[in-house]
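Spelled out, the chains give:
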Amino acid sequence: MNLGKRKPSGREKDQASVKLLEKLREQLHSSNPSTARQAAFNLSWMQDDGLDILKEALFGDSARRTKSAAVYGLRKMRGRMKKIAFGVLSAGLKCSDSDTTYACQNALALLRHPAPGKFRPVRKKRPPRFQIREVSARGLQKRRDERVRGSGNRFSK
């Protein structure tokens, strides 16, 4: 797919970050779904710039696999971007494109109700190898007294 030139937002710090965003944008539009999802996940870590690219892929004229990868990236957003990504997915429900609407419906369903069996079961805590017991203050005093009395105090003779 021939992508147009992306207009830099001004938030990029150097030329390397601009090149990285271009590379990830191209990978997002890849015909390989695995590559597209991996690029979307990497874009999800890039805060505002990643969000812009994912929104462009979701609402633009792109293939279904690109839209589903973009939705995957929006689902994986963390921190302050999670709420914004949720809003983008909600706006995708009102889109006239059926692929976008379908992808957003599935993503919102997964966000609200995660698929069962996808998480590790809670492990039972193993008992410790040995027990640490507390020694009462009385017991300590009693042992000290026995040591002093039973040791044959040299001053008593």
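Definitions and cut-offs
Residues numbered from 1 in each chain as written. Predicted model: local features only at pLDDT ≥ 70, side-chain atom pairs only at ≥ 80, totals over all residues. Heavy atoms only, no water. Helix = DSSP H or I, 4+ residues; strand = E, 2+ residues; numbered from the N terminus. Contact = heavy atoms within 4.5 Å. Expected span 1.5 Å × (residues − 1). Phe/Tyr/Trp six-rings, centres within 6.5 Å; stacked < 30°, edge-to-face > 60°. Lys NZ or Arg CZ within 6 Å of the ring centre and 35° of its normal. Disulfide = S-S within 2.5 Å. Buried < 20%, exposed > 50% of the residue type's maximum accessible area, 1.4 Å probe, protein only. Core = buried A, V, L, I, M, F, W, Y, C linked by side-chain atoms within 4.5 Å. Salt bridge = Lys/Arg side-chain N within 4 Å of Asp/Glu carboxyl O.

Caption draft 1: Up close: the overall build of the protein. Within the protein, the regular secondary structure consists of seven helices and zero strands. Shown N-terminal to C-terminal, the secondary structure of the protein runs as helices and strands in the order α-α-α-α-α-α-α. The long-range share in the protein, meaning contacts at least 24 apart out of those at least 6 apart in sequence, stands at 54%.

Caption draft 2: Structural detail: helix 4 (residues 64-75). A rise of 1.5 Å per residue sets the reference length of helix 4, with its twelve residues, at 16 Å; its end C-alpha atoms lie 16 Å apart and thus fit the reference within 8%. On the buried face of helix 4, the contacting elements are helix 1 (15-28), helix 2 (33-44), helix 3 (47-59), helix 5 (81-92) and helix 6 (98-112).

Caption draft 3: Examining the packing of aromatic side chains more closely. By the definition in use, this model includes one aromatic pair. Judged by centre distance (6.3 Å) and plane angle (75 degrees), the rings of F41 and W45 are edge-to-face. Sitting over the ring of Y72, R37 keeps its end group 3.8 Å from the ring centre.

Caption draft 4: Region of the structure containing the state of the cysteines. Within this structure, the stated rule accounts for zero disulfides. No disulfide involves C95; its sulfur sits 7.7 Å from the nearest other cysteine sulfur, which is in C104. Assessed through its relative accessible area of 0%, C104 is described here as buried.

Caption draft 5: Expanded view of the nonpolar core. Counting 25 residues, the largest nonpolar core has L28, L54 and L74 as the members making the most contacts within it. Secondary structure elements with two or more residues in this core: helix 1, helix 2, helix 3, helix 4, helix 5 and helix 6.

Caption draft 6: Representation of the pattern of salt bridges in the model. Enumeration according to the criterion identifies five salt bridges in this entry. The salt bridge partner of R25 is E22, with a shortest N-O separation of 4.0 Å. Of this pair, R25 and E22 are both found in helix 1, three residues apart, which corresponds to roughly one turn of the helix. E22 shares its class with R25; the two are buried. The closest approach of N and O atoms between R64 and D99, which form a salt bridge, is 3.1 Å. In this pair, R64 is assigned in helix 4 and D99 in helix 6, connecting sequence segments 35 residues apart. D99 gets classed as partly exposed once you look at its relative accessible area, which sits at 21%. It is possible to trace a salt-bridge network through shared partners that takes in E22, R25 and E56.

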